[in-house]
Amino acid sequence: MKLITCENLTLGYEGKAILSGLNFTVNSGDYLCIVGENGSGKSTLMKTLLHLQSPMAGTITMGDGLKINEIGYLPQQTALQRDFPASVEEIVMSGFLGRMGLRPFYTKAEKKEARELMEKTRITDLADRCYRELSGGQQQRVLLTRALCATRKILLLDEPVSGLDPVATADMYQIISELNKEDHVTIIMISHDIGEVANYASHVLHIGHRLFFGTKEEYMNSKIGKHLVTAGEEAKA
Ligand SMILES: Nc1ncnc2c1ncn2[C@@H]1O[C@H](COP(=O)(O)OP(=O)(O)OP(=O)(O)O)[C@@H](O)[C@H]1O
C-alpha cells in the first residue's frame, strides 16, 4: 500500500534549486534509507515530507489514509534538546499532546501505552530520571519513544545515531529494526552509515549529483552503491 509518492520534486531555497527530478515511493512497512553527501539536501527533503517546507516543483501524494499528523519525526539532536529539564516519563508522555486536544490529563490507556513503548525502547528503568542527566544514546531512545506515542504508522528519523558511541549506535539500530519488523512501523531514515543500509534497509534513496532510488539489493548492485560500500569497508579497515 503506497504511503508517500514523490513525483518530479524540485527542492531549494529562495528560488534556487538544490535537488531536482526526485521520484520515489514509500510503501507501508518499508525501511527507506536516505543517503548522500553533506549538503545534498537530505534534511531539506525530510522537512518537505513533513510539510514544513513546500517543494519548488513536483508533487507529494499521501496514500492509505495517511494524515500529516500521523508522520512521526525524530530531528537531529540539538544542544537545546540535550538540556531539557524534565523527567524521561514526562518527555515520553508529551508525545500524546497532539491527540489530546483540550483534555488536561493523560488517560490510563495512554499511560499503559507509554509504558509498553518504553519497554520496547528499553528505557523503563530510566522513567523517573531527569532527561538532561542521561547519555546521548539514552536521550535518543527517549525521543524515539515520544515520537512513537504520537504515531506508530511512519517515522522520519534524521541521523538518529549521530554522536552516539558504537554500542549506543548498535542498540538504536536494533530497536528501529524491531519497530519495523515486529510492529510494521514504516521507517524513513537519513543515514551516513552505508554499512547500516546493508544491514537493515529495504530501500535506498541516494541523493546528490547522482540520484538513485530502488531496493537495497538494486542499490548494492548499482555502480554508486558498490563504490560506496567498498569505500566504507576500506575506511573501517
Ligand atoms: N534555511 C535555509 N536557507 C537556505 N539554504 C539552506 C537552508 N537550509 C539548508 N540550506 C542549504 O541547502 C543545502 C542542503 O542542506 P541540507 O541540510 O538539506 O543537506 P543535508 O544533506 O541534510 O546535509 P548534512 O548531511 O550535512 O546534514 C545546503 O547547501 C544548505 O546550505
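Residues numbered from 1 in each chain as written. Predicted model: local features only at pLDDT ≥ 70, side-chain atom pairs only at ≥ 80, totals over all residues. Heavy atoms only, no water.

The chain is annotated in an unreviewed UniProt entry as Metal ABC transporter ATP-binding protein of Blautia segnis. Taken verbatim from the UniProt record of the chain, the Sequence similarities (unreviewed entry) comment is "Belongs to the ABC transporter superfamily." (UniProt positions renumbered as here; feature names shortened; annotations may be inferred.)

Caption draft 1: A look at the packing of aromatic side chains. Here the structure, examined in full by the defined rule, presents four aromatic pairs. Seen from their ring centres, Tyr173 and Tyr200 are 6.0 Å apart, and the 35° between their planes marks the pair as tilted. Of this pair, Tyr173 sits in helix H7 (residues 166–183) while Tyr200 sits in helix H8 (residues 194–200), and the two are 27 residues apart along the sequence. The pair Tyr173 / Tyr200 is uniform in exposure class, with both members buried. (Phe/Tyr/Trp six-rings, centres within 6.5 Å; stacked < 30°, edge-to-face > 60°. Helix = DSSP H or I, 4+ residues; strand = E, 2+ residues; numbered from the N terminus. Buried < 20%, exposed > 50% of the residue type's maximum accessible area, 1.4 Å probe, protein only.)

Caption draft 2: Molecular detail of the pattern of salt bridges. Applying the stated criterion to the full structure yields five salt bridges. As a salt-bridge pair, Lys112 and Glu116 come within 3.3 Å of each other at their nearest N and O atoms. Taken as a pair, Lys112 and Glu116 lie in helix H5 (residues 108–120) at a separation of four residues, close to a single helical turn. Under the relative-accessibility criterion, Glu116 is labelled partly exposed at 42%. Notably, a salt bridge pairs Lys120 with Asp183, separated by 3.1 Å at the nearest N-O pair. Note that Lys120 is positioned in helix H5 and Asp183 in helix H7, a separation of 63 residues in sequence. (Salt bridge = Lys/Arg side-chain N within 4 Å of Asp/Glu carboxyl O.)

Caption draft 3: Structural view of the pairing of strand S8 (residues 203–207). For S8, a buried count of five out of five residues is recorded, marking the element as mostly surrounded by other parts of the structure. Neither face of S8 is open: one carries His203, Leu205 and Ile207, the other Val204 and His206, and all of them are buried. Taken together, S8 and the strand that follows it, strand S9 (residues 212–215), pair antiparallel across an intervening segment of four residues, in which Gly208 is found at a positive phi of about 140°. (Pairing = 2+ DSSP bridges.)

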